[in-house]
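Coordinate analysis (summary)
These are the residues of each chain, in order.
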Amino acid sequence: MAEQRPLRILLGCDTFAPDINGAARFAERLAAGLVERGHAVHVSAPNTRYRVEEPRFETIEGSGIVVHRLPSVKAPGHDWLRFVWPWRSKHYARRVLDSVRPDVVHIQSHIVIGRGLTREARKRGIPVVATNHTMAENILDFTRLPEWGNKILVKLAWADARRTFDMAAAVTTPTRRAAEFLEETIDLTGVIPISCGIDMAQYTADLEPRTDRRIVFVGRLTSEKRIDDLLRAAARLDDDVIVELVGGGDQRGALEALAEELGIRDRVVFHGRVSDAELRAALTRATVFAIASIAELQSIATMEAMASGLPIVAANAVALPHLVDHERNGYLFEPANVDELEQRLRDVLTADRDAYVAMQRASLEMVADHDITRTLDTFEALYRGGELPA
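Residues numbered from 1 in each chain as written. Predicted model: local features only at pLDDT ≥ 70, side-chain atom pairs only at ≥ 80, totals over all residues. Heavy atoms only, no water.

Under an unreviewed UniProt entry, the name given to the chain is D-inositol 3-phosphate glycosyltransferase, and the organism recorded is Candidatus Microbacterium stercoravium.

What follows is the structure in structure tokens.
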């Protein structure tokens, strides 16, 4: 078979480095992995200020990526999120498409940048692959609208998503459950589940006995993550149990106040945003990873914890059950049930040596199915319009 030529790929990202969240991290790893395979990768993403700048090489995950930074404004009420004015999205899309002339466009959301790129690429006959990392409900923390207003906003957001995805040659999302959710919510068919993928070699599992007991959570400190449930459950555990929260967010102040109120402020560590090395160290030293979120379409943080050999305690919501085999690599609990969350954490923290190591090994075995190589193979096939790998 003749060797296929490298592709020129444009990724459209409404969130990208230096942002720290699942969608941004996936886009970074995807871009770097594609560059390592010899493709020319460009990224269209918000700038860190409202200013037009020339495209420039940025080092992302060790690879040089050409990033087209678009003028953006800070989202009200959010500590880091920035967005391009929606009415300017198609203008910027035309500029970037003129400059890059890609073989394929891969949008990471349907919101602003992805929306504009999809519409302009379609006019030019450039195929679009669309990946959905978001739920419209995730924006409700920042609307400050009454309940009836939020319902209208969510309905409109999903309707707009449907219009964008209908223009794509392929629509993907990280898990089968997330694909089913998307298909049911906006009456879409043929959504392809493709794991965000993870490079297990970057994480270290410690299978030796723990000298202390640590619960770790990694992610944004926002309300849909329900970190308050985790703190309430931890307050009922023994005084030697430490909680480590890795990540920043608008709920940090409220969570610090809650920890004070619960009398556990001295054993809750708010790390904020940390380096990759510090993140990996926190996962390696932890005893259990806990996530009470009700809005995860995959959860890269949970996969990182699994690659670090941690048992998982997770809410039985959306895609998290895809990563947790109840009583094998951890436990599921009903969302918002603090009593059950407490008990499941206790089950892990008090497990005997053999049972604990069995959960660790199960996490390592299960996360191997999400190797980044499979993810890259699948997206390359989609970009070329060929058959997907088995």
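A look at the overall build of the chain
Within the chain, the secondary structure is distributed over twelve helices and 16 strands. At 21 Å, the chain has a C-alpha radius of gyration in line with the 21 Å of a compact globule built from 390 residues. In terms of overall dimensions, the chain has C-alpha extents of about 60 × 55 × 40 Å along its principal axes. Going through the 390 residues of the chain one by one, you find that 56% of them count as buried. Considering only contacts within the chain whose residues lie at least 6 apart along the sequence, 68% involve residues at least 24 apart. (Helix = DSSP H or I, 4+ residues; strand = E, 2+ residues; numbered from the N terminus. Rg over C-alpha atoms; globule rule 2.2 N^0.38 Å. Buried < 20%, exposed > 50% of the residue type's maximum accessible area, 1.4 Å probe, protein only. Contact = heavy atoms within 4.5 Å.)

Notes on the pairing of strand β13 (residues 268–272)
Only one face of β13 is covered, namely the one carrying V268, F270 and G272; the face carrying V269 and H271 has none of its residues buried. The β-α-β motif built from strand β12 (residues 241–246), the intervening helix α7 (residues 252–262) and the parallel element β13 has right-handed crossover chirality. (Right-handed = clockwise from strand over helix to strand, strands pointing away.)

Here's the deal with helix α8 (residues 276–285)
Taken residue by residue, α8 has L279, R280, A282, L283 and T284 as its buried positions. For α8, the secondary structure elements touched by its buried residues are β11 (213–218), β12, β14 (288–291) and α9 (300–307).

Examining the sheet that holds strand β3 (residues 56–60)
With respect to topology, eight strands assemble into an open sheet ordered β3-β4-β2-β1-β7-β8-β9-β10, the strand pairing being mixed. The open sheet terminates on both sides in strands that have one partner only, identified here as β3 and β10 (192–193). Where strand β1 (residues 8–12) meets strand β2 (residues 40–46), five bridges bridge the pair, whose relative direction is parallel. Looking at β2, one finds that G12 is bridged to S44. Along the sheet, helix α3 (residues 113–123) contacts β1, β2, β4 (63–70), β7 (104–107) and β8 (128–131); its crossing angle with β7, the most-contacted strand, is approximately 155°. (Pairing = 2+ DSSP bridges. Axes fitted to C-alpha atoms, helices over the stretch in contact; angles between N-to-C directions.)

Here we look at the packing of aromatic side chains
What the rule picks out here adds up to six aromatic pairs. A centroid spacing of 4.9 Å and a plane angle of 15° characterise the contact between W85 and W87, whose relative ring orientation is stacked. A relative accessible area of 30% places W85 in the partly exposed class. On the numbers, 6.4 Å between centres and 25° between planes, the contact of F217 with F289 is stacked. Of the two residues, F217 is situated in strand β11 and F289 in strand β14; the sequence distance between them amounts to 72 residues. This pair shows no difference in class: F217 is buried, exactly as F289 is. Linked through ring pairs, F26, F379 and Y383 together constitute an aromatic cluster. A cation over an aromatic ring shows up here: R88 above the ring of Y92, its NZ or CZ 5.3 Å from the ring centre. For the cation-ring pair, R280 lies above Y203, with the distance from its terminal atom to the ring centre recorded as 5.2 Å. (Phe/Tyr/Trp six-rings, centres within 6.5 Å; stacked < 30°, edge-to-face > 60°. Lys NZ or Arg CZ within 6 Å of the ring centre and 35° of its normal.)

Structural notes on the sheet that holds β12
Read across the sheet, six strands follow the order β13-β12-β11-β14-β15-β16 without closing on themselves; strand pairing throughout is parallel. Here the strands that pair on one side only, and so sit at the sheet edges, are β13 and β16 (330–333). The average undirected angle you get between the axes of adjacent strands in this sheet is 20°. Two strands pair when backbone bridges link them, and β14 and strand β15 (residues 312–315) are joined in this way by three bridges, in the parallel orientation. For A290, the partnering residue across the bridge sits in β15 and is V313.

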